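Chain by chain, the residues run as shown.
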Amino acid sequence: MAADHTSKIVGTVWGLLILNTLGSAGAKTIVPLPRSLIQMVTMGALVAAFALALAVNLRLRVRPSAFVFLLTLLLVPSVISSADLESGFGALFRCARLALFVGTLWLLSRWWDGSVTFVRHHIRMYFAVLGSVAAGALISPGAAMPDLYGGRLVGALWPLTPPQIGQYAAVIIGLAVLLLLGRRTDGAGAALVIVPALVLLALTHTRTATLGLLIGLALAIGSLILTSAAARRFFVWAVLCATVAAVGFGSALRAWFLRGQSQENFTSLTGRAKVWDALLAAPRTTSEYLFGAGLGDKSFGGLPIDNSWLAAYHEQGMTGVALVAAVILVLGGVALLRPPSLSRACAIFLISYCAIASYTEAGLGDASPYLLHLAVAASLLAAPAPASPPETPDVPRRPVPRWARTSEVT
């Protein structure tokens, strides 16, 4: 009973971390929510997550983790660059948020044992988030697919952008498929997650999430082909279906992929390349080059950066870029060294998805869903904790008569 209670608390902590990373900027909701209220809820969720994790791990038992250690080191350039207040007091606030986020991951690392426990937490929580998106679309289709976003699906109950929804849908689709191949869930349970998530992903028209899902699943299933007959069958059917779709629905797929954009707009990645060129051309001092300009809202000149590497370079300098690269390389290297297994396949999917999405999405250098995806990968790659030997009950000793205590017989 105590173990089940602890597991529920850990799952609650994970859900609060996900709530914290949903963000406060996005589409207009059906019921207008003040941004200050949303920020209060998200920050309150992080504080509550840390408090609950501390309450369930009062002895501060943590597991060695190169992933969380690198995130801890990432705090150094963040604090150094934010201390001069060039980006305002908000930079120090974001540093405190990142510190609480990393501290909570340290406390949760005690339960990282290579199992799929955190995968299930991840799927449940993001499925609940997508449920709110679907509910908003049913209540008010006009608010859920506004003209401002080109008719793409947004969060009408909670301010979520199309890339966010696409990311959440793609991640739980990939994890659910892998759990099904690993026989950790049945077909009905997997379909309950995969089918609605696929519909929501299609309605968001999110290219990055779609490519991340396809490439990540290909790599993950490829790691299981030699040891899993189910993975081999799924791979063959996937190739056949992809071939038929490419031949029969090529024009429709191309139109969906282009989203009605011109060739120039598409090649400039919807204007992202112009922001990137301006950021790289901006003059920087030696301190800004090494440690960045301080944690901000991942924008430059009032426009979103939408690239994890350039966002880290802008806010945490080359030191931050090196640490973010080390996170990806360490997790990827450990995954490659592990023997084939379901846990390894799920980790490969999450790592590859985050690496692909980092090109057009920011978040690897700050508290974000991408760091939570990588945290799940780290939990999957952790070695199982050694089993503690069973305690033997104390057997009461019988009293020895006084006449028998002497070693000599007279």
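Residues numbered from 1 in each chain as written. Predicted model: local features only at pLDDT ≥ 70, side-chain atom pairs only at ≥ 80, totals over all residues. Heavy atoms only, no water.

**Focus on the overall build of the chain**
- If you tally the helices and strands in the chain, you get 17 helices and 2 strands.
- Expressed as a percentage of the 410 residues in the chain, the buried residues total 46%.
- Considering only contacts within the chain whose residues lie at least 6 apart along the sequence, 76% involve residues at least 24 apart. (Helix = DSSP H or I, 4+ residues; strand = E, 2+ residues; numbered from the N terminus. Buried < 20%, exposed > 50% of the residue type's maximum accessible area, 1.4 Å probe, protein only. Contact = heavy atoms within 4.5 Å.)

**What to know about the side chain of Ser 358**
- Residue position: Ser 358 is located in the loop between α16 (342–357) and α17 (369–381).
- By relative accessible area, which is 2% here, Ser 358 ends up buried.
- Apart from the residues within four sequence positions on either side, Ser 358 is in contact with Asn 307, Ser 308, Trp 309 and Leu 364.

**Quick word on the confidence of the model for the chain**
- On average, the chain scores 87 in pLDDT, and the residues at 70 or more come to 89%.
- Mean pLDDT across the elements of the chain ranges from a minimum in helix α12 (residues 263–267), with 58, to a maximum in α17, with 96. (pLDDT = per-residue confidence, 0-100.)

**Here we look at the packing of helix α3 (residues 66–82) against helix α15 (residues 308–337)**
- It is the contact of α3 with α15, at a shortest axis distance of 9 Å, that shows an interaxial angle of 175°. On the basis of their axis angle, the class for α3 and α15 is roughly antiparallel. Within the contact between the two elements, α3 uses Ala 66, Phe 67, Leu 70, Leu 71, Leu 73, Leu 74, Pro 77, Ser 78 and Ser 81 and α15 uses Glu 315, Gln 316, Thr 319, Gly 320, Leu 323, Ala 326, Val 327, Val 330 and Leu 331.
- For the contact of α3 with α15, the class distribution of residues is 12 nonpolar, 5 polar and 1 charged. (Axes fitted to C-alpha atoms, helices over the stretch in contact; angles between N-to-C directions. Parallel < 35°, antiparallel > 145°, perpendicular 65-115°, else oblique. Nonpolar A, V, L, I, M, F, W, Y, C, P; charged D, E, K, R; others polar.)

**A look at the packing of aromatic side chains**
- Taken as a whole and judged by the stated rule, the model has 5 aromatic pairs.
- On the basis of an interplanar angle of 75° and a centroid distance of 5.3 Å, the ring pair of Trp 14 and Phe 118 is categorised as edge-to-face. Taken as a pair, Trp 14 in helix α1 (residues 2–20) and Phe 118 in helix α5 (residues 117–139) lie far apart in primary sequence, 104 residues in all. Across the pair, exposure class does not vary: Trp 14 and Phe 118 are buried alike.
- Pairing Tyr 126 with Tyr 168 gives two aromatic rings, centres 4.6 Å apart and planes at 25°, and the pair type is stacked. Of the two residues, Tyr 126 sits in helix α5 while Tyr 168 sits in helix α7 (residues 162–181), which places them 42 residues apart along the sequence.
- The class of Tyr 126 is buried, set by a relative accessible area of 0%.
- Residue class for Tyr 168 comes out buried when judged on its relative accessible area of 0%. (Phe/Tyr/Trp six-rings, centres within 6.5 Å; stacked < 30°, edge-to-face > 60°.)

**Considerations on α17**
- Between its first and last C-alpha atoms α17 spans 19 Å; for 13 residues at 1.5 Å apiece the expected length is 18 Å, and the two agree.
- Along α17, 13 of the 13 residues are buried, which leaves the element largely enclosed by surrounding structure. (Expected span 1.5 Å × (residues − 1).)

**Quick look at unusual backbone geometry**
- The phi dihedral of Leu 60 is positive, around 55°, even though this residue is not glycine.
- As for its position among the elements, Leu 60 is in the loop between α2 (35–56) and α3.
- Look at Leu 60 and you get exposed, because its relative accessible area is 52%.
- For His 205, which is not glycine, the phi torsion reads 55° and is therefore positive.

**Regarding the environment of Val 133**
- Structurally, Val 133 is set in helix α5.
- It is 7.9 Å that separates the C-alpha atoms of Val 133 and Ala 144, two residues lying 11 residues apart in sequence.
- If sequence neighbours within four positions are ignored, Val 133 has contacts with Leu 153, Val 154, Leu 160 and Ile 165.

**A closer look at the pattern of salt bridges**
- Scanning the entire structure with this criterion turns up 3 salt bridges.
- The partner of Asp 306 in a salt bridge is Arg 272, and the shortest N-O contact between them spans 3.4 Å. Taken together, the residues span a long stretch of sequence, with Asp 306 in the loop between β2 (303–304) and α15 and Arg 272 in helix α13 (residues 272–281) at a distance of 34 residues.
- Assessed through its relative accessible area of 17%, Arg 272 is described here as buried.
- Salt-bridge contacts for Glu 315 lead to Lys 298; the nearest nitrogen and oxygen are separated by 3.1 Å. Residue Glu 315 is located in helix α15, and its partner Lys 298 is located in the loop between α14 (286–291) and β1 (299–300); the two are separated by 17 residues in the primary sequence. (Salt bridge = Lys/Arg side-chain N within 4 Å of Asp/Glu carboxyl O.)

**Points about the environment of Leu 290**
- Structurally, Leu 290 is set in helix α14.
- Linking Leu 290 and Glu 315, residues 25 residues apart in sequence, is a C-alpha distance of 9.9 Å.

**Thoughts on the nonpolar core**
- Core analysis: the biggest nonpolar cluster contains 110 residues, and Trp 14, Leu 17, Phe 67, Leu 105, Trp 112, Leu 178 and Leu 374 have the highest contact counts within it.
- No other element matches the 13 residues that α7 contributes to this core.
- Excluding anything up to four places from it in sequence, Leu 17 contacts Leu 46, Ala 49, Phe 101, Thr 104, Leu 105, Leu 108 and Leu 372. (Core = buried A, V, L, I, M, F, W, Y, C linked by side-chain atoms within 4.5 Å.)

**Examining the side chain of His 314**
- Locating His 314 in the fold gives a position in helix α15.
- The contacts of His 314, once residues within four sequence positions are left out, are Leu 279, Arg 284, Gly 292, Ala 293, Ser 299, Phe 300 and Ile 305.

**Some thoughts on α13**
- Along α13, the residues that are buried comprise Arg 272, Val 275, Trp 276 and Leu 279. Summarising the axial view, the buried residues of α13 lie within an arc of 100°, below the 170-degree limit, and thus occupy one face. Opposite the buried face of α13, at more than 90 degrees from it, the exposed residues are Lys 274, Asp 277 and Ala 281.
- Of the surrounding elements, those touching the buried residues of α13 are β1, β2 and α15. (Arc of directions from axis to C-beta.)

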